[in-house]
Structures are given as structure tokens and as C-alpha cells.
Amino acid sequence: MDAVVKLAPGEEAPRGENRPQSSWLERFCFPFLFQTQNPDGGWGHRAGACSAVEPTCWALLALAGAPRSGEQEAALGRGLSWLCSQQLPDGSWPAFPGQAQGCWVTSLACLALHVLAPPTAGLGWSPACAGKPDALARGLGWLSRSWPGEGGLWWRLREKLLPNQNIVRQNSALRGWSWTPGTSSWVEPTSYALIALRKIPAELHPRGVAKRRRLGEAMLYDRMCPGGGWNCGNPRVYGVAGEPAVGATAWALLALQDYSEQAENQRSLDWLERSYAAIHGPGSLVLASLCLETYARSVPPLSVALERLYDANQFLQNVAVVAWAAIALSPARAALQWTLAARG
Amino acid sequence: MSSASHPLQPSFSRPSARVAIRRAESYDADLSALLFETLREFDLPVRGKTVFLKPNFVGLDPLGLINTHPVVVAAARESFLRLGAQRVLVGDGPALERDTEAVVESMGLREYLGDLAQTFVDLNVDDVHRVRLRTRASSLKALDLPQAVLTADFIVSMPKLKTHHWAGVTLSLKNMFGIVPGSCYGWPKNILHWAGINRALLDINSTVRPDFAIVDGVVGMEGNGPIQGTPKPCGVLVVGDDPVAVDATCARIMDLVPERIGYLKQAAILLGHLREEKIQQLGESVDTVRTPFAVLEAFRKLKRGKNGLALD
């Protein structure tokens, strides 16, 4: 919290309605991300914080869209090296260094490795990941083996025998991905896994991934709120319809963009579009904008709104939020979008 | 770490708790003066210390109905600074909403605390440190917890007076779920549900026990809390130096039987006082401010019967 990164006078954020989006991106987002890289190569959740896997993945994915000199290439290489060094023996990634158990960030690490270290000389190999030639394959292996805790035989038996205890109505046979091993499926970790698996070519997938993807997609539709949109994954509790949330809705829609014409997608997009004007946070705003753009819905210029929000709280110095902004405003968005390019 | 000053101590050997109930009919009242005068009575060891205020910011709250009201948070911050605290930080890790900035902006927190980049900590993305839990009520054994909480000298739990659809009520003990970081455990922190909410609550509070509690009961929430319930004006602030005693007092104000709230009953073994005779009551009495809260059918057993006993 003490290490607040502010831009130098010569790097002030652009102002005015007519500034091109690239201005904000190049004058704020990319410099912020390069400046906040830690000496060990990773990024913390906030400027000055210890390196962690999630912000490192988002920063790497964002900087994939940055114009790069030799120095910046080296920075990306250090980032990739740090990321590879954090992989656990079972193929997963933990949230923070030193943790013994992998978790949801494994999807992001796989996506970042795929985008930044494509298999040029072997699966998952890049000079930055030398010595870890199978990092991506092992990560995908863990993802394919990582089942959530619900939906097993005992779970389903209990649901059948004790229907009154089923406070949350959902189809537990539709299993996605959990935040931490052995816990329940939730919308965001399932969306991250689906996005990573959709972006990484199927020929690199371990066996069984196609089935997992189908289950994960069905799980997302099962967890949609009755009026469209998603929250963390409780569409109905005690019979009361859950309120959708912008972030979860955007991630689910990005994961399901192959089904753009489906009624559920359209209903959720309508909700997101209606909610757009009332969004209070930069993270939600960026994700909503990226999502609506992916589905070819019109959105107001993002950088103008972001500039205003940055003035308020400096995004709470949240590295992931700046990285999402950079992704949304640059070609790096291809890591999260595929149907838009296909539509031309 | 704050909890180092709180040895796990059986209730029979623990000194009496002190809990003050103050009337505060609306958020327009001078809550800063009210809280400052109340806190002064407790002679709290905060001079020169870092105080961490842990409000309950569970989600987007443009109408000011579900989160600890920013007026109460600002009043507490100002009061602790006036009491000589060197630094007063405010922080939470919302359980259901990843966009913490959206949460605090939706409730206008910046207007009350100023530059949030300096005064507010998003506990969901703070640096973490592995902590071995001091009790084994759940299967958790250890958790990664935020540095901002672990390095604070004095922790204040600041919940809103609410019912909760999983735990019955959410008060100062349940509020401590918010220190568990989403960056490690997700949104929601589902590992705590799998470990058993009541048991996980005990383990977290035995490890990072709040030094003090301030409950925003000016307007609470009844029914299907903590988000989709109904606003319930109650007109009180409840503060005290024992989180179990504060929560028990709040339950009595809500016309619930604290002995029937699973985690509270368990917490009374090692973490604080549940029994009224062990709670030194300051300010208003429970009877003068009692406001029956509606609960979901699943928690009907928590309600106090007409004869003052629990319903069967």
C-alpha cells in the first residue's frame, strides 16, 4: 500500500474525449506494468507486493500486446522464467510461491505459457522456460485431472436422500472447475479453464479434455441466473433468484463465446449491456467492455472511462486490473477473444 | 500478531467482558462523537499502534443496506486516531465480488476515508503469510492470511447486524471470514464451507481473534441475509472488548438465543463469554433496544419464545 506507483510528469494519463485508446494504453498501462515487475521477474497483486502467479499471468498476457524492444523482451523472459519456476511437481501452479498445493491459477498459467511461449521446439518450450520443456503439458494434465468436490457418488446420494438440505438448486452432475482442489465448481475458475482449453490447440490436450469442456460449458449454463447473467455460481438460494455480477457474467460469456447466438448468451448480454452504465469499478468495466465487444455489441470508448476511474483510486494499484485494461485495449485481447476474429 | 495477546483461555478463568450498547437512530447522527466517547470508556491500548478496522463489505451496496455503513467506518477510524493510534487501516476481502474497488465505490467509501489507495487494503489481494491455526475444530490446519491483518497491533471487527442464510447470524466472529484471501481461496472462499462454516469460524477466530468489536446495528438486515434480506432498523451501535460477548449481546437484541447459534456456543469455550452474567453491560440494556429479527425457517430454532426460552 505504501508503494503507490504514479506516472512521472512526462507520462501523465491522457485527458479528453477524443484521445485515441492507444494513448492511454501506451502512456499508462504498458509503462505501469513494466515498472511494477519485481526483480525476481514476477508481478505482485499490487505495485510493490510479492510476486504471485495470477498477476504475473495477466501482466504477461497484457504485455504480449506491447511494442517491445530488447529490454522489454528481456522483461517478458524474466516473467516467463519466474512463472515456470513456480510450477509444482504435479503440474499445477499455486497462488503464491511456497504454497504446496496448486489451484485455479493453473488455467491462467497455461494460457500465458501458450500465448508467450508457444511450442517452438517442443511442447511448452521456450528459451525462458529452458529446463521445463513440458510445463504446458503438465499444466494441462493437472487441469484435466482436477475434478471438483461435488457431484461424486456420495454427493449425489446425499442430494437424493436429503432433498430438504438442497438449499442451492443446481445439477451437481455438471462439474466444472473449483477455486481450490476438492471444493465446488464455480463460474470463474470454470470460465478460466474453458478459455485456456479453447485457446490451446486440441492436439496438445490430454485425453478426456473434450468431455470436461462439454461438462464445464453445461455447468455454466446450469448456473446462469434466471434473468440472465452469472454471479459466482449460486443462481438460486432458498428459492430466491441470485443477482448477477458483472465480472462473473463477462468471464462466463467469454468462455461461451462459441455459442454467441444461444438465447442464454443473448439474455446475459442484454443484462450486461443494461448494467454497463452503473458499473463502479475499473475491473468490472474492462471485462464488460471486452465481453460486449467480443459479441459485437457497441460499447462506449473504454479509455476515457478508465482514465476517470484511475483518478479516483489509482485502481487500488491492482496489477491485474491494469493488465486487463491493457488486454482489452490492445491486440493482446486475442488471448480471450476468438469468435470476433473468426467473424472478421 | 494481534492474537498473540489472546491466549486461548477457558471461559471460567477469563475476566468479565464489557459490552456497550449505544442508541444511534440514524447514520446522520454524530456517530464520531458517540463512538469516541464510548471507546474512551474502554481505555484501549492503541496509542502509537497500528489499528486495523475490518468492516463487512460483502458486495455492491449502492443503497447502503448490506455492508457496514461507511459513516460508521469513518467514525471508528477518526475515533481511534483521536485515541492516539499511529495508523488506522481499513480493509476487507469481499467474498462474492472480485471487484473490490466497485464494492467500495458503490457505497461511497472514498467520500469518508479519502484516498483509498492509502487508507484501504483489499485483503483479497494482499501479500500473504502461512499461519498454523491455533485450534483444530475444522480440517484446515493452516491458512494463508493477509500481511495487513497479521502485522496489525489491534484488530477491530466491524460487522453489520445481520441474519445469515448459512450460519444463522453474521456478526463480529463471522465477519472474520473476510480476512481469508480470495487470491488463494477464491470468490467465494469455498474452502471454508467445505471445512464447515462453524468449525472454520472457530479456527480463524482462535488464530486471529479480534481485539475489539463494533457492530453497525443502526440499520441491520433480517430474513435471507447477508445480501438478500430485508433492511431492519435497529438504532444501535454495539461495541465491546470480547467478540463472543458482543455477538451474544447482538443476538439477544435480535431476539435470538445465542446459546443456540452453533459457532457462538462453541466459541464460548475458549474465545469469550456467552453468558449474560459474565458480560458487564454498559449503556442501554438489551431489553430497551430489543428488536425481533425475522429468520429463515431453517433457523426458527434460534428465536426466543414468548416466555424468554428458545422455541423448540
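Residues numbered from 1 in each chain as written. Chains lettered and ligands numbered in written order. Predicted model: local features only at pLDDT ≥ 70, side-chain atom pairs only at ≥ 80, totals over all residues. Heavy atoms only, no water.

## What to know about the overall build of chain A
Within chain A, the secondary structure is distributed over 14 helices and 4 strands. Each of the 344 residues in chain A was classed as buried or not, and the buried ones make up 61%. Summarising the internal contacts of chain A: among those between residues at least 6 apart in sequence, 67% fall at separations of at least 24. For chain A, the accessible area works out to roughly 13100 Å², and carbon and sulfur atoms hold 54% of it. (Helix = DSSP H or I, 4+ residues; strand = E, 2+ residues; numbered from the N terminus. Buried < 20%, exposed > 50% of the residue type's maximum accessible area, 1.4 Å probe, protein only. Contact = heavy atoms within 4.5 Å. Areas by Shrake-Rupley, 256 points an atom, 1.4 Å probe, with all protein chains shown as cover.)

## Side note on the pairing of strand β6 (residues 142–146) of chain B
Residues and elements named next belong to chain B. By the criterion of burial, β6 is predominantly enclosed, with 5 of the 5 residues buried. Here β6 shows a buried face lined by Ala142, Asp144 and Pro146 and a second buried face lined by Leu143 and Leu145. Pairing of strand β5 (residues 128–132) with β6 involves 5 bridges; the strand directions are antiparallel. Note on β6: the bridge partner recorded for Arg132 is Ala142. (Pairing = 2+ DSSP bridges.)

## Description of the interface of chain B and chain A
For interface size, the figure often reported is the accessible area lost on association. Every contact between the two is made by 40 residues of chain B and, on the other side, 46 residues of chain A. Of the roughly 3600 Å² buried between chain B and chain A on both sides combined, carbon and sulfur atoms contribute 56%. Together, Arg98, Glu101 and Trp194 of chain B form the three largest contributors to the area buried by chain B at its contact with chain A, with a combined 20%. In this assembly, chain B and chain A are joined by 3 salt bridges. The salt bridge partner of Glu54 of chain A is Arg98 of chain B, with a shortest N-O separation of 2.5 Å. When contributions to the side of chain B that touches chain A are tallied by element, the ones reaching two or more residues are β3 (87–92), α3 (100–106), α5 (116–119), β4 (120–122), α7 (182–185) and α8 (190–194) of chain B. Looking at the side of chain B that touches chain A residue by residue, the class counts come to 19 nonpolar, 10 polar and 11 charged. (Buried area = accessible area lost by both parts, 1.4 Å probe. Salt bridge = Lys/Arg side-chain N within 4 Å of Asp/Glu carboxyl O. Nonpolar A, V, L, I, M, F, W, Y, C, P; charged D, E, K, R; others polar.)

## Side note on the pattern of salt bridges
All names here are of chain B. In this structure the tally under the stated criterion is 28 salt bridges over all chains. When the shortest N-O distance is used, the salt bridge between Arg209 and Asp242 registers 3.8 Å. With a gap of 33 residues between them, Arg209 in the loop between α9 (197–207) and β10 (212–222) and Asp242 in the loop between β11 (230–240) and α10 (243–253) connect regions that are remote in the sequence. Of the two residues, Arg209 and Asp242, both sit in the buried class. With a shortest N-O distance of 3.9 Å, Asp255 and Arg290 are connected by a salt bridge. One end of the pair, Asp255, is in the loop between α10 and α11 (262–270); the other, Arg290, is in the segment after α12 (286–289), with 35 residues separating them in the sequence. By relative accessible area, which is 10% here, Asp255 ends up buried. Overall, Arg290 belongs to the partly exposed group, its relative accessible area being 24%. Through salt bridges with shared partners, a single network forms among Asp255, Asp287, Arg290 and Arg304.

## Topic: the nonpolar core
Ranked by internal contacts, the top residues of the largest apolar core, which has 176 residues, are Leu33, Trp58 and Trp230 of chain A. If one sorts the elements of this core by residue count, helix α13 (residues 319–329) of chain A sits on top with 11 residues. Residues contacting Trp58 of chain A, with those up to four places away along its chain left out, are Leu108, Tyr192, Trp251, Ala320, Ala323, Trp324, Ile327 and Leu336 of chain A. Counting 42 residues, the second largest nonpolar core, distinct from the first, contains Phe36, Val46, Val88 and Leu109 of chain B. (Core = buried A, V, L, I, M, F, W, Y, C linked by side-chain atoms within 4.5 Å.)

## Quick look at unusual backbone geometry
Cis geometry is adopted by the peptide bond preceding Pro188 of chain B, which originates at Trp187 of chain B and carries an omega value of 10 degrees. Note that Pro188 of chain B resides in the loop between α7 and α8. Omega for the peptide link from Gly225 of chain B to Pro226 of chain B comes to 15 degrees, which places this bond in the cis form. For Pro226 of chain B, the location among the structural elements is in the loop between β10 and β11. Positive phi is not limited to glycine here, since Leu316 of chain A has a value of about 55 degrees. Following the sequence through the fold, Leu316 of chain A ends up in the loop between α12 (302–313) and α13. Positive phi, close to 60 degrees, is recorded for Gln317 of chain A, a residue that is not glycine. Take Gln317 of chain A: it is sitting in the loop between α12 and α13.

## Looking at the layout of surface pockets
A volume near 400 Å³ is recorded for the second largest pocket. What lines the second largest pocket is a set of 20 residues, among which Gln101 of chain A together with Arg130, Asp144, Tyr185 and Ile191 of chain B lie closest to the centre. Only β6, α7 and α8 of chain B provide two or more residues apiece to the lining of the second largest pocket. In terms of residue count, β6 of chain B provides more of the lining of the second largest pocket than any other element does, 3 residues in total. Residue composition of the lining of the second largest pocket, grouped by class: 11 nonpolar, 7 polar and 2 charged. (1 Å grid on protein atoms, 1.4 Å probe; cavity = no way out; pocket = protein on both sides within 12 Å on 5 of 7 lines; lining within 4 Å. Points joined across faces, edges and corners; volume = space filled by probe spheres on them.)

## What about empty space enclosed by the protein?
Tallied over the full model, the rule gives 6 cavities of 30 Å³ or more. What lines the largest cavity is a set of 22 residues, among which Asn318, Val321 and Trp324 of chain A together with Arg98 and Asp99 of chain B lie closest to the centre. At the level of elements, α9 (246–255), α11 (282–294) and α13 of chain A together with α3 of chain B are the ones that each hand at least two residues to the lining of the largest cavity. In terms of residue class, the lining of the largest cavity is made up of 9 nonpolar, 6 polar and 7 charged.

## Topic: a nonpolar patch on the surface
Residue and element names in this part refer to chain A. Where nonpolar side chains cluster on the molecular surface, the patch consists of Trp154, Leu157, Leu161 and Leu162 and spans about 470 Å² of accessible area. Mapping Leu161 onto the fold places it in helix α6 (residues 153–161). Take Leu161: its relative accessible area is 61%, and that puts it in the exposed class. (Patch = residues over 30% accessible without salt bridge, like charges linked within 9 Å, V, L, I, M, F, W, Y side chains within 5 Å.)

## What about the confidence of the model for chain A?
Regions with low pLDDT carry predicted coordinates that are not meant to be interpreted in detail. Here chain A averages 88 in pLDDT, and 87% of its residues register 70 or above. Here residues 7–19 of chain A scores under 50 on pLDDT; set against residues more than four positions off or in separate chains, the count is 21 contacts. (pLDDT = per-residue confidence, 0-100.)

## A closer look at helix α4 (residues 105–116) of chain A
All names here are of chain A. Taking 1.5 Å of rise per residue, 12 residues should cover 16 Å, and α4 covers 16 Å from first to last C-alpha, within 8% of that figure. The element α4 is largely enclosed, with a buried count of 11 among its 12 residues. Close packing links the buried residues of α4 with α2 (53–63), α3 (70–85), α5 (135–145) and α7 (187–199). (Expected span 1.5 Å × (residues − 1).)

## Quick notes on helix α2 (residues 70–82) of chain B
Residue and element names in this part refer to chain B. Taking 1.5 Å per residue, 13 residues should reach 18 Å; α2 reaches 18 Å between its end C-alpha atoms and fits that length. Most of α2 is tucked away, with 10 of its 13 residues classed as buried. What α2 keeps buried is the set Pro70, Val71, Val72, Val73, Ala74, Ala75, Ala76, Arg77, Ser79 and Phe80. Just downstream of α2, Gly84 is the residue with a positive phi angle, here 105 degrees.

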